Amino acid sequence: MTNITVVIGDRLGKGQKVGLGVEAAGGIVTVIPGMAADMKLGDIMNQEQADFGISFCGSGGAGAITAQNKYGYKAKYGMRSVEEGVTAINEGYNVLGFGFMDKEELGQKLVEAFVKKYRS
């Protein structure tokens, strides 16, 4: 199985718990350090040729929309649950914007959904 590469950008510089979930599911993760990391999501995804990216901010939109506009990634944002994220993966989105939700379960379930859709 090819490794799944995920980039996480969080407005408050967090995302480490989601990253642990990505790793628990066998993915490779880059958590962008520092404040306003969500705004760098598209740049780092492009640089690392990531399979998908996760953006966190209050609305769940700023970093995802920026990645979409700058690089043409298919973005879905404003999400507030693990289930919405899994549905977005299944619908072919590769930039996922959430409100603040630094939970291991999110990273794990998104990688599992990606593997099921694209690698099984």
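Structure first, text after, so check above.
In this text the structure is predicted, and so the values were computed from the model without any measurement.

Caption draft 1: Region of the structure containing the packing of aromatic side chains. The tally for this structure, following the rule as stated, stands at four aromatic pairs. When the ring of Tyr71 is compared with that of Tyr73, the centres are 6.0 Å apart and the planes differ by 45°; the resulting orientation is tilted. Here the aromatic rings of Phe114 and Tyr118 are separated by 4.6 Å at their centres, their planes lie at 40°, and the arrangement is tilted. Of this pair, Phe114 and Tyr118 both sit in helix α5 (residues 104-119), four residues apart, which is roughly one turn of the helix. On the accessibility criterion, Phe114 (6% relative accessible area) is buried. Chaining the aromatic ring pairs together yields one cluster made of Phe52, Phe114 and Tyr118. Its end group placed over the ring of Tyr93, Lys74 keeps NZ or CZ at 4.6 Å from the ring centre. Note that Lys117 overlies the ring of Tyr118, its terminal NZ or CZ placed 5.4 Å from the centroid.

Caption draft 2: Representation of the sheet that holds strand β3 (residues 52-56) in the model. The strand order across the open sheet formed by five strands is β2-β1-β3-β5-β4, and the pairing between neighbours is parallel. The outermost strands of the open sheet, each flanked by one partner alone, are β2 (28-31) and β4 (75-79). Direction aside, the axes of adjacent strands within the sheet are offset by 15° on average. Both strand β1 (residues 5-10) and β2 contribute to a ladder of four bridges, which runs parallel. Paired with Thr5 across the strands is Ile28, a residue of β2. Across the sheet, helix α2 (residues 41-48) touches β1, β2, β3 and β5 (95-98), and the angle it forms with β1 is around 160°.

Caption draft 3: How the structure looks around the environment of Ile8. Positionally, Ile8 belongs in strand β1. The buried category is assigned to Ile8, whose relative accessible area is 0%. Distance from Ile8 to Tyr93, taken between C-alpha atoms, is 15 Å for residues 85 residues apart in sequence. With near-sequence residues (within four places) excluded, Ile8 lies in contact with Gly15, Val18, Gly19, Val29, Thr30, Val31, Ile32, Leu41, Ile54 and Phe56.

Caption draft 4: Structural context of the nonpolar core. Counting 22 residues, the largest nonpolar core has Phe52, Ile54 and Phe98 as the members making the most contacts within it. Every element with two or more residues in this core is listed here: β1, α1 (16-24), β3, α4 (82-90), β5 and α5. Top contributing element to this core by residue count: α5, with six residues. Among residues more than four places away in sequence, those in contact with Phe52 are Ile4, Thr5, Val6, Val7, Met45, Ile89, Asn94, Leu96, Leu110, Val111 and Phe114.

Caption draft 5: Geometry of the pattern of salt bridges. Applying the stated criterion across every chain yields a total of four salt bridges. Measuring nitrogen to oxygen at the nearest pair gives 2.8 Å for the salt bridge that ties Lys70 to Asp43. Taken as a pair, Lys70 in helix α3 (residues 62-71) and Asp43 in helix α2 lie far apart in primary sequence, 27 residues in all.

Criteria and thresholds
- Residues numbered from 1 in each chain as written.
- Predicted model: local features only at pLDDT ≥ 70, side-chain atom pairs only at ≥ 80, totals over all residues.
- Heavy atoms only, no water.
- Phe/Tyr/Trp six-rings, centres within 6.5 Å; stacked < 30°, edge-to-face > 60°.
- Helix = DSSP H or I, 4+ residues; strand = E, 2+ residues; numbered from the N terminus.
- Buried < 20%, exposed > 50% of the residue type's maximum accessible area, 1.4 Å probe, protein only.
- Lys NZ or Arg CZ within 6 Å of the ring centre and 35° of its normal.
- Pairing = 2+ DSSP bridges.
- Axes fitted to C-alpha atoms, helices over the stretch in contact; angles between N-to-C directions.
- Contact = heavy atoms within 4.5 Å.
- Core = buried A, V, L, I, M, F, W, Y, C linked by side-chain atoms within 4.5 Å.
- Salt bridge = Lys/Arg side-chain N within 4 Å of Asp/Glu carboxyl O.

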